[in-house]
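Residue strings, one per chain:
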Amino acid sequence: MVGAGHNGLTAAAYLARGGMRTLVLERRDVLGGCCVTEEIAPGSRASTASYVASMLRPEVIRDLQLRAHGLRMVPCSPSLLVPFRGGAAVPWWPERARTVAELRRLSPADADTFVRVDDQLRRLARYLQPFFLEPPPDVHAQGLAGVLEAVRVGRRFRGISGDEIAQMAVFLTGSLGDFLDRHYESEAVKTLFLANNVYGKHGGPYQPGSALGLLFHLLSGGEHEEQGFYGHVLGGMGAITQAMAAAARGFGAEVVAGAPVARIDVRGGRVRGVILEDGREIEAATVLSNADPRRTFLGLVGEAALPSEFVRAVRGIKMDGPCAKVNMVLGEEPRVGGMPASFTPSERSLFTLVDSLDFAERCYDQAKRGLLPDELWVDCVIATNVDPSLAPPGKHVMTCFVQYVPYRLREGTWDEQRAELGRRVLEKIAEHAPNVPGAVEAMEVLTPLDLERRFGLTEGNIFHGDLSLDQLFFMRPVAGWARYRTPVEGLYLCGAGAHPGGGVTGAPGHNAARQVLRDRGRRSGAA
Ligand SMILES: Cc1cc2nc3c(=O)[nH]c(=O)nc-3n(C[C@H](O)[C@H](O)[C@H](O)COP(=O)(O)OP(=O)(O)OC[C@H]3O[C@@H](n4cnc5c(N)ncnc54)[C@H](O)[C@@H]3O)c2cc1C
């Protein structure tokens with residue numbers, strides 16, 4: 001296994017459980033990829049990359065016994081909170097009735113619409129849900145395999161009505177902005193939906209395909225398989241991957257950090273093993289890569305060992321990460337304007353700063369032209385309000401996810417612009433929590449370039465490739481190779497660049513391991 005991100009660890013655990021001798025090699029000194037907890041100042045630890053567990057598959061939690069290995073998640077309640085300038089901070093609760101009551105205060109008509117649309121979305125999400133832990137439809141299957149595939153996919157959509165097909169088409173291809181404008185009247189309600197949906201991917205809210213997030217966020221997650229689950233992880237996101245590493249080791253896998261792989265050895269169209277940066281060679285008949293598809297195929301395998309058509313397709317994957325992350329230690333808790341005085345610390349643990357659909361669209365427009373937007377969309381989590389053990393008494397750890405920013409700046413370099421990005425993030429936060437800039441004791445600004453350097457994400461893309469419809473399902477990572485296998489025999493892709501994509505889900509790792517075990521069974525059955 002090349003890489004110990006959460007998908008690599010998940011796959012390794014399943015492979016070891018399935019009886020394979022499994023070795024995981026991670027380039028960094030810390031395991032977990034983008035799902036880690038790291039010290040950002042003496043005694044203060046933060047989830048330096050991903051920061052909320054929303055779609056971690058319940059099956060993975062159960063199969064790998066992550067709870068027994070120490071994983072504890074508490075639902076984010078509220079799951080979202082948007083402070084409005086000069087007004088109230090509006091929460092979105094895990095309990096639907098509470099959210100409806102909040103919306104009713106903003107617009108009674110919108111509250112009624114929400115109930116109707118939410119029912120619709122929940123029904124539609126159930127049709128897609130099974131594909132999460134299954135390979136995507138194989139549109140190239142022929143003969144009997146093609147018939148069986150048509151039956152499998154058809155079964156998943158059994159009972160879907162004509163109206164639901166039309167609704168599905170709207171959510172898969174339409175824009176979030178158009179959808180919200182068509183159905184809701186209150187700008188505040190629309191902004192709440194926006195804050196809950198377009199996340200980490202390319203495109204402003206009026207870009208076709210941006211409505212997809214409405215469906216994705218209703219796929220179930222967490223221990224109890226709840227639709228729309230958002231969880232804080234005690235100990236930070238690294239607690240997930242620590243538990244996964246313990247599970248993998250428990251099943252017999254060897255997991256080694258500080259072991260960067262320089263090359264995947266391919267000869268005669270078949271994988272032979274890997275070569276480490278320190279020159280060591282390790283033979284293996286099966287290699288899985290948890291690195292992203294660009295890094296895996298163009299970097300570790302090399303173009304010469306691959307069909308030119310495939311190389312062209314991999315080169316064409318849209319990466320170009322549009323996000324950044326700022327992690328900070330504060331000497332006092334942010335005092336957010338409009339935050340209800342009755343809220344407990346854990347209820348005060350998150351807030352999202354995005355003004356409106358237009359604001360987000362303008363922000364993306366600037367970023368896509370290579371500019372650092374004048375104002376930023378910032379999603380803040382005060383992790384210590386839920387888990388005070390992350391910092392010394394009296395200190396607070398706040399992580400801030402930032403979009404949209406360009407990977408390629410039109411002028412200057414990110415090394416020159418890093419401080420300016422940090423300044424603009426603080427400026428945005430100060431509009432709603434004026435005490436924050438003066439409370440900063442330590443701050444780490446991770447530009448898209450830093451995400452690339454630190455986490456090994458090509459062009460800083462947090463999902464190993466943009467989550468747009470043309471890069472999903474049977475087109476992920478590229479058309480024709482969506483089933484974890486690759487043109488190199490014995491080499492598989494198991495990270496977020498494979499179906500069903502990014503986020504801390506464990507799904508690509510789970511599915512890839514299943515494919516490897518199936519292929520292995522087939523080979524030994526034939527022998
Ligand atoms: C800033 C940020 C915020 C995010 N926020 C969230 C969030 O709140 N919730 C959520 O669900 N998702 C979030 N995500 C997305 C999510 O974290 C990722 O999509 C997911 O963790 C990817 O997991 P992975 O295991 O597929 O890959 P990765 O986590 O990228 O792991 C790949 C591993 O392979 C290793 N590797 C690469 N090359 C080599 C090599 N040559 N040799 C050895 N090892 C190698 C890397 O070092 C890395 O450890 C966020 C991501 C980022 C960066």
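All residue numbers here refer to positions counted from 1 along the written sequence of the relevant chain. In keeping with the model being predicted, local features are shown solely for residues with a pLDDT of at least 70 and side-chain atom pairs are shown and tallied solely at 80 or more, while totals for entire chains, interfaces and linings include all residues. Side-chain metrics in this entry use all non-hydrogen atoms of the structure; hydrogen atoms and water are not considered.

Re the site of the ligand
Argument step 1. Close to the ligand lie 33 residues, the nearest being Glu 26, Arg 27, Val 52, Ile 462 and Val 504.
Argument step 2. N or O atoms within 3.5 Å of each other form a polar contact, as long as, within protein, one can give a hydrogen and the other can take it, and as long as residues adjacent in sequence are counted only when both atoms are side-chain atoms. Within the backbone of Cys 34, one N or O atom sits 2.8 Å away from an oxygen atom of the ligand.
Argument step 3. Contacts to the ligand include Val 261, whose backbone N or O atom sits 2.9 Å from a nitrogen atom.
Argument step 4. Only the protein chains shown count as cover for residues, and the accessible areas themselves come from Shrake-Rupley with a 1.4 Å probe. For the ligand, whose accessible area on its own is 1000 Å², the fraction buried by protein is 97%.
Argument step 5. In the shell around the ligand, the residues fall into 18 nonpolar, 11 polar and 4 charged. We call a residue near a given molecule or strand whenever any one of its heavy atoms falls within 4 Å of it. Under the grouping applied here, Gly and all other residues not named as nonpolar or charged are polar, the nonpolar ones being Ala, Val, Leu, Ile, Met, Phe, Trp, Tyr, Cys and Pro and the charged ones Asp, Glu, Lys and Arg.

Description of the sheet that holds strand β16 (residues 350-353)
Argument step 1. Two strands make a pair as long as DSSP finds a minimum of two bridges between them. Working definition: helices are DSSP H or I runs of at least four residues, strands are E runs of at least two. Numbering for both runs from the N terminus. If you walk across this open sheet you meet the 5 strands as β16-β17-β18-β15-β19, and the pairing is antiparallel. The outermost strands of the open sheet, each flanked by one partner alone, are β16 and β19 (440-446). The mean angle between the axes of side-by-side strands here comes to 15°, regardless of whether they run parallel or antiparallel.
Argument step 2. The pairing of strand β17 (residues 377-382) with strand β18 (residues 396-403) spans 6 bridges and is classified as antiparallel. For helices, the fitted line uses only the C-alpha atoms of the stretch in contact; every axis is such a line through C-alpha atoms, and the angle between N-to-C directions lies from 0 to 180 degrees.

Points about the packing of helix α1 (residues 6-17) against helix α10 (residues 238-250)
Argument step 1. Packing of α1 against α10 leaves a shortest axis separation of 8 Å and a crossing angle of 20°. As summarised for this structure, α1 and α10 are arranged roughly parallel, according to the angle between their axes. Here α1 runs over α10; the crossing is left-handed. Seen from α1, the contacting residues are His 6, Leu 9, Thr 10, Ala 12, Ala 13 and Ala 16; seen from α10, they are Thr 241, Met 244, Ala 245, Ala 247 and Ala 248.
Argument step 2. Split by residue class, the contact of α1 with α10 holds 8 nonpolar, 3 polar and no charged. If an angle is under 35 degrees, it is roughly parallel; if it is over 145, roughly antiparallel; if it lies from 65 to 115, roughly perpendicular; otherwise it is oblique. By definition, turning the near helix anticlockwise from the far helix through less than a right angle yields a left-handed crossing, and turning it clockwise yields a right-handed one. Contacts are assigned to residue pairs with any non-hydrogen atoms lying within 4.5 Å of each other.

Looking at the pattern of salt bridges
Argument step 1. Salt bridge, as applied in this entry: a Lys or Arg side-chain nitrogen positioned within 4 Å of an Asp or Glu carboxyl oxygen. Considering all chains together, one arrives at 44 salt bridges under this definition.
Argument step 2. With a shortest N-O distance of 3.3 Å, Glu 375 and Arg 85 are connected by a salt bridge. Here Glu 375 is found in the loop between α13 (357-368) and β17, whereas its partner Arg 85 is found in the loop between β5 (80-83) and β6 (89-92), with 290 residues between them in sequence.
Argument step 3. Partly exposed residues are those whose accessible area sits between 20% and 50% of the maximum for their type, while under 20% is buried and over 50% is exposed, using a 1.4 Å probe and protein chains only. Overall, the relative accessible area of 30% leaves Glu 375 in the partly exposed class.
Argument step 4. With a relative accessible area of 48%, Arg 85 lands in the partly exposed category.
Argument step 5. Notably, a salt bridge pairs Arg 418 with Asp 450, separated by 2.9 Å at the nearest N-O pair. Here the residue Arg 418 occupies a position in helix α14 (residues 414-432), and Asp 450 occupies one in helix α16 (residues 448-455), the gap between them amounting to 32 residues.

Remarks on the nonpolar core
Argument step 1. With 66 residues, the main nonpolar core has Ile 240, Ile 264 and Leu 288 as its most contacted residues.
Argument step 2. Beyond its immediate stretch of four places on either side in the chain, Ile 240 contacts Cys 35, Ala 53, Leu 56, Leu 71, Val 233 and Val 504.
Argument step 3. Among the nonpolar cores identified, the runner-up in size contains 51 residues, and Val 100, Ala 125, Leu 214 and Phe 359 belong to it. Here, nonpolar core refers to any group of buried Ala, Val, Leu, Ile, Met, Phe, Trp, Tyr and Cys residues whose side-chain atoms link them within 4.5 Å.

Observations regarding the state of the cysteines
Argument step 1. In this description, a disulfide is simply a cysteine sulfur pair whose atoms lie within 2.5 Å. Going through the model one piece at a time under the given rule, you end up with 0 disulfides.
Argument step 2. In this structure Cys 34 is not part of a disulfide, and its nearest cysteine sulfur, from Cys 35, lies 8.4 Å away.
Argument step 3. Note on Cys 34: relative accessible area 23%, which makes it partly exposed.
Argument step 4. The cysteine Cys 400 is free of any disulfide, with Cys 380 supplying the nearest cysteine sulfur at 4.0 Å.

Topic: the pairing of strand β3 (residues 44-47)
Argument step 1. In terms of strand pairing, strand β2 (residues 37-41) meets β3 through 4 bridges, oriented antiparallel. Counterpart to Thr 37 in the pairing with β3 is Ser 47.
Argument step 2. Between β2 and β3, which pair antiparallel in sequence order, lie 2 residues; one of them, Gly 43, sits at a positive phi of approximately 80°.

Here we look at α14
Argument step 1. Expected helix span is computed as 1.5 Å times (number of residues minus one). Its 19 residues give α14 an end-to-end C-alpha distance of 27 Å, which sits within 8% of 27 Å, the value for a rise of 1.5 Å per residue.
Argument step 2. Among the residues of α14, those classed as buried are Trp 414, Leu 421, Gly 422, Arg 424, Val 425, Leu 426, Lys 428, Ile 429 and His 432.

Notes on the sheet that holds strand β13 (residues 281-283)
Argument step 1. Overall, antiparallel pairing links the 3 strands, which are arranged β11-β12-β13 in an open sheet. The open sheet has two edge strands, β11 (261-267) and β13, and neither has a second partner. Across this sheet, the average inter-strand angle for adjacent strands is 25°, counted without regard to direction.
Argument step 2. As paired elements, strand β12 (residues 270-276) and β13 share 3 bridges and run antiparallel to each other.

Here we look at the environment of Val 170
Argument step 1. Within the fold, Val 170 resides in helix α6 (residues 162-173).
Argument step 2. Residues Val 170 and Gly 209 lie 39 residues apart in sequence; the distance between their C-alpha atoms is 8.7 Å.
Argument step 3. The residues contacting Val 170, other than those within four sequence positions of it, are Phe 179, Arg 182 and Ala 211.

Details of helix α7 (residues 176-183)
Argument step 1. Considered for burial, the residues of α7 that qualify are Leu 176, Gly 177, Phe 179 and Leu 180. Seen end-on, α7 carries its buried residues on one side only, within an arc spanning 165°.
Argument step 2. Looking at the buried positions of α7, the neighbouring elements they touch are α4 (108-132), α6, α8 (187-197), α9 (212-216) and α13. In this description, the arc belongs to the directions extending from the helix axis to the C-beta atoms.

Points about a nonpolar patch on the surface
Argument step 1. Patch membership is restricted to residues that have no salt bridge and whose relative accessible area is over 30%. Joining uses 9 Å for like charges and 5 Å for the nonpolar side chains Val, Leu, Ile, Met, Phe, Trp and Tyr. A grouping of Leu 144, Val 147, Leu 148 and Val 151 is seen on the molecular surface, where their side chains present a nonpolar patch of about 400 Å² in accessible area.
Argument step 2. Tracing the chain through its elements places Val 151 in helix α5 (residues 143-156).

A closer look at the packing of aromatic side chains
Argument step 1. Centres within 6.5 Å make a pair out of two Phe, Tyr or Trp rings, where for Trp the six-membered ring is used; the pair is then stacked when the planes are under 30 degrees apart, edge-to-face when over 60, and tilted otherwise. Considering all chains together, one arrives at 13 aromatic pairs under this definition.
Argument step 2. Judged by centre distance (4.9 Å) and plane angle (40°), the rings of Tyr 184 and Phe 193 are tilted. A single burial state applies to Tyr 184 and to Phe 193, both of which are buried.
Argument step 3. Members of the aromatic cluster, joined through ring pairs, are Trp 92, Phe 114, Tyr 184 and Phe 193.

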